[in-house]
Amino acid sequence: MPNTSCIALGVTGSIAAYKAADLTSKLVQAGHDVHVLMTGSACELVQPQTFLTLSRNPVTTQLWNLPTWQPEHIALADKAEILVVAPATANFIGKLANGIADDALSTYALSHTGPVLVAPAMNPRMWQHPAVQANVKTLKARGVVFVEPAEGRVACGEAGTGRLADVPEIQRAIEVQLACRSLKKSKQSPKRIVITAGPTREAIDPVRFLSNRSSGKMGYAIAEVAAAAGHDTVLISGPVALPPPAGCRTIDVTSAAEMAAAVKAEFAEADLLIMAAAVADYRPADCASDKIKKGEGNLTLELVRTEDILRSLADLKKPGQAILGFAAETRDLETNAIAKLKAKKLDWIAANDVGRADIGFESDRNEITLFATDGTATPLGRHSKLQLAAKLLEAVAARKNR
Ligand code: PMT
């Protein structure tokens, strides 16, 4: 099922305006209904026709576009679920911070009541200017989300912080904001949430290890959504190929033993632990100090059990703390998940069918059913991992509030 959110995309007069064309294309490909608003300076750099073609929607460049009876900005404000301004110039940031509405985009921005995401792009000295930084601070305090500019060489030849963040990073930030809208609206009191993600690696020798197919996508999605919803979020991650999620403190670990130590240390101050990591149940009894040489015959590895992290935590759990585990199963999903819920003394378990190719390991989508200790089962459906992460956190909050 594709995402179908209505997105208002503001494009301002930075040379990075051409990258907004790529962003528009990517958002449309992801299934979104994109409506572009351009400032006069942006129109000097990129033709509105480019955005018209890519978005398949009219492009707003002026306040008074005949022949609609309703001003464009009011009509769009009624349906857009998020306003994204990418690239955002110092001028636009200043106007938004101070409530100035003197063109179609800045006027629209004041009529938009949903989430606002701003991706600045400007000369590094301009970005560092106290006036710009003060405006950014004002907007952040008002809940505007920033995708921070990147470091590097900018168009004018200078090096520093001011480049527009990469398009995939902006797109991901938009998807995170869209996923956590209802979670944000529910205004939960901020909690400290510890989340684990990814696989562990159990060393056989200096160049080989035992591991599994976990990509970390599920755990990272939960961490991104929890942080975006305002929770103090700690992510403990096994080795994955994903960038550290925005707004989280990320602790990198490799083995099950390292993950156990990190989880125990962080759980002491946590309200909620979510173990989405695929922790190895066994490790080689010994790790060879040199690369094992190939011999004539077969090689037998002795494997020993790793610590069951969740089971250990059950004995350390204090009143008010809650623990959610995942059960990765290829058969008898419900029976096995409920058995793990009981054996590990959890508050909830998310039953995850990892025998299916369209969900689970590595996929961008997943489907889980949440089982609670009181015997209730809550199917959360099949969604993108970001959307599912928001549904999981909502379901947990709803049950905790009972
Ligand atoms: O990372 P992705 O590619 O996005 O894939 C997501 C996922 C399939 C890895 C994830 O959704 C998932 O199902 N995670 C749990 C994987 C797993 O190890 O399940 P399990 O049934 O073997 O373990 C049950 C629970 O005990 C898990 O919460 C696990 O983190 C925990 N555990 C396991 C072993 C161990 N030594 N200590 C533990 O605490």
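You'll find the structure just up there.
Reading the values: the criteria
- Residues numbered from 1 in each chain as written.
- Predicted model: local features only at pLDDT ≥ 70, side-chain atom pairs only at ≥ 80, totals over all residues.
- Heavy atoms only, no water.
- Helix = DSSP H or I, 4+ residues; strand = E, 2+ residues; numbered from the N terminus.
- Buried < 20%, exposed > 50% of the residue type's maximum accessible area, 1.4 Å probe, protein only.
- Contact = heavy atoms within 4.5 Å.
- Areas by Shrake-Rupley, 256 points an atom, 1.4 Å probe, with all protein chains shown as cover.
- Lys, Arg positive; Asp, Glu negative; His and termini not counted.
- Charge placed at Lys NZ, Arg CZ, Asp CG, Glu CD.
- Salt bridge = Lys/Arg side-chain N within 4 Å of Asp/Glu carboxyl O.
- Pairing = 2+ DSSP bridges.
- Right-handed = clockwise from strand over helix to strand, strands pointing away.
- Near = heavy atom within 4 Å.
- Polar contact = N/O pair within 3.5 Å; in protein donor to acceptor, adjacent residues only side chain to side chain.
- Nonpolar A, V, L, I, M, F, W, Y, C, P; charged D, E, K, R; others polar.

(A) Up close: the overall build of the protein chain. Regarding its fold elements, the protein chain presents 15 helices and 19 strands. When the backbone C-alpha atoms are referred to their principal axes, the protein chain occupies close to 75 × 55 × 40 Å. Each of the 402 residues in the protein chain was classed as buried or not, and the buried ones make up 49%. Pairs at least 24 residues apart make up 66% of the contacts formed inside the protein chain by residues separated by at least 6 positions. Of the roughly 19300 Å² of accessible surface on the protein chain, a fraction of 52% belongs to carbon and sulfur atoms. Computed over 45 positive and 42 negative side-chain charges, the inter-centroid distance for the protein chain is 2 Å.

(B) Geometry of the pattern of salt bridges. Scanning the entire structure with this criterion turns up 22 salt bridges. Of the charged contacts, one joins E224 and R172 as a salt bridge, the two residues approaching to 2.6 Å between their closest N and O atoms. A residue pair is termed long-range when its members are at least 10 positions apart, and E224 in helix 11 (residues 217–228) and R172 in helix 9 (residues 167–179) qualify at 52 residues. When its relative accessible area of 36% is taken as the criterion, R172 is described as partly exposed. Note that D205 is salt-bridged to R208, the shortest N-O span being 2.5 Å. On the basis of relative accessibility, which here comes to 2%, the residue D205 falls in the buried class. Linked through salt bridges whose partners overlap, the residues forming this network are R192, D232, R249 and E266.

(C) Region of the structure containing the pairing of strand 16 (residues 322–329). Taken across its eight residues, strand 16 has seven buried, putting it largely inside the fold. Here strand 13 (residues 272–275) runs beside strand 16; their pairing, made up of four bridges, is parallel. In the strand pairing of strand 16, I274 is matched with L324. Between strand 16 and its parallel partner strand 17 (residues 348–353), the chain crosses via helix 14 (residues 333–343), and the hand of that crossover is right-handed.

(D) Structural view of the site of the ligand. Close contacts around the ligand come from 30 residues, with S214, S215, K340, N352 and K385 the closest. The backbone of A277 places a nitrogen or oxygen atom 2.7 Å from an oxygen atom of the ligand. Contacts to the ligand include K340, whose side-chain N or O atom sits 2.4 Å from an oxygen atom. For the ligand, whose unbound accessible area comes to 780 Å², protein coverage reaches 96%. Those elements that provide at least two residues to the shell around the ligand are helix 11, helix 13 (309–314) and strand 16. Counting residues per element, the shell around the ligand draws most heavily on strand 16, at four residues. The class makeup of the residues in the shell around the ligand is 14 nonpolar, eight polar and eight charged.

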